[in-house]
Amino acid sequence: MEFLSSITVEVGKCLFTAAGDQLGYLFHYNDNVENLKKQAKKLEDSRDTVKMKIESAKSNGENIFPDVQSWIAEAESISAKAKKFIEDEVKANKRCLKGWCINLKQCYRFSKEAKKHTLEISDQLQAVEKFQIVSCPAPPSGIILPSKLFSSGTFESRNSIKKQIVKVLIDDHNVSIIGICGMGGVGKTTLVKEISKQVKEEKMYDVVVMAVVSQTPNIVKIQEEIANMLGLKLSTDIESGRARSLWERIKKEKRILVVLDDVWERIKLDEIGIPFGSDHRGCKILITSWRTKSKQTRGVLVNPRKRNQLSKQAFIEHV
């Protein structure tokens, strides 16, 4: 008997709880609907605020975070459903006696649905709190030159050199570094910029980045220039830590061309954070320098003044 009594008590509790929940929807019908209307308005305001942030970011050429775009899409869907529910509830209520619904089944259904919509909206409002920032700066689209430079007679006279360099960049997998050398003013920088533009536009490389080295190299500045073009934020001032971050970021690109302009002396690429050779077969390095002497090793040395010169000479030993 005690066993049956226990079962009876537990069943009674469950039935009482269930009945209480059902009655709660009836008793709090108006409260649930009004609360939904307030929360729906909050969601619309939050959605509009995020949209304004997105428009502002887009006008500055920034990239919108994917989770922000997903939130907007979900917020639009939830708002639309809530709006339709509220419209349906208003229409149904007008058919009731002086605005008071005496259809208990209908009252229960509307109250329960209002509660459900409110919970969905609450989740969205909690999620939007993390969207203080909705975007990040877009990496530069590439290295751009005025079209006048491309059509100049001097540049056209070096087309054969350009074609040979591009061929090595694409076909010669044993060459990691290509050096273009010559005195100042012969057009080395112009040449590498047009090559960079061509390989990017023709999708020979996925990414092209460029940094100026100069006579007195500043490793931090070089790292920053490359990182900015990759959309990478270097969070430390320690050169080795920055090099490691840059190395890992470059490794993620299947085909990347790194242009180092105005190199005067040998530089250690690993100190900057540039993988090449066996460390990253998809990373090629194009260098300009005034140096013309070289030792036999990997690479290609090109002198822009000598239109047809393309010797298998190394440049890396002098960088």
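See the structure printed just above.
Since we're looking at a predicted model, the values are computed, not measured.

(A) Spotlight on the overall build of the chain. For the chain, the count of helices and strands is 11 helices and seven strands. Relative to its 319 residues, the chain shows a buried fraction of 41%. Long-range pairs, those at least 24 residues apart, make up 72% of the contacts in the chain with a sequence separation of at least 6. Here the chain displays about 18700 Å² of accessible surface, and carbon together with sulfur accounts for 54% of that area.

(B) Structural view of helix H7 (residues 159–171). Over its 13 residues, H7 runs 18 Å from end to end, which matches the ideal 18 Å to within 8%, given 1.5 Å per residue. Buried residues of H7: Ile161, Lys162, Ile165, Val166, Val168 and Leu169, and no others. Taken end-on, H7 shows its buried residues confined to a sector of 160 degrees, consistent with a single buried face. Of the exposed residues in H7, those oriented more than 90 degrees away from the buried face are Lys163 and Lys167.

(C) The arrangement of the nonpolar core in detail. One finds Ile226, Leu260, Ile274 and Ile285 to be the most contacted residues of the largest nonpolar core, which totals 46 residues. Beyond its immediate chain neighbours, meaning those up to four positions away, Ile274 contacts Ile226, Trp247, Ile250, Val258, Leu260, Leu269, Cys283 and Ile285. If you look at the next biggest cluster of nonpolar residues, it comprises 26 residues, including Trp71, Phe85, Cys107 and Ala114.

(D) A look at the pairing of strand E5 (residues 256–263). Taking burial as the measure, the eight residues of E5 include seven buried ones, the bulk of the element. Across seven bridges, the pairing between strand E4 (residues 207–214) and E5 is parallel. If you follow Val212 over to E5, its bridge partner there is Asp261. Relative to strand E6 (residues 283–289), E5 runs parallel, the two being bridged by six bridges. Bridge pairing in E6 places Val259 opposite Leu286.

(E) Helix H8 (residues 188–201), seen in detail. With 14 residues, H8 should cover 20 Å at 1.5 Å per step; its first-to-last C-alpha distance of 20 Å lies within 8% of that length. Within H8, the full set of buried residues consists of Lys188, Leu191, Val192, Glu194, Ile195, Ser196 and Val199. Phi turns positive, to about 60 degrees, at Lys203, one or two residues after H8.

Cut-offs applied
Residues numbered from 1 in each chain as written. Predicted model: local features only at pLDDT ≥ 70, side-chain atom pairs only at ≥ 80, totals over all residues. Heavy atoms only, no water. Helix = DSSP H or I, 4+ residues; strand = E, 2+ residues; numbered from the N terminus. Buried < 20%, exposed > 50% of the residue type's maximum accessible area, 1.4 Å probe, protein only. Contact = heavy atoms within 4.5 Å. Areas by Shrake-Rupley, 256 points an atom, 1.4 Å probe, with all protein chains shown as cover. Expected span 1.5 Å × (residues − 1). Arc of directions from axis to C-beta. Core = buried A, V, L, I, M, F, W, Y, C linked by side-chain atoms within 4.5 Å. Pairing = 2+ DSSP bridges.

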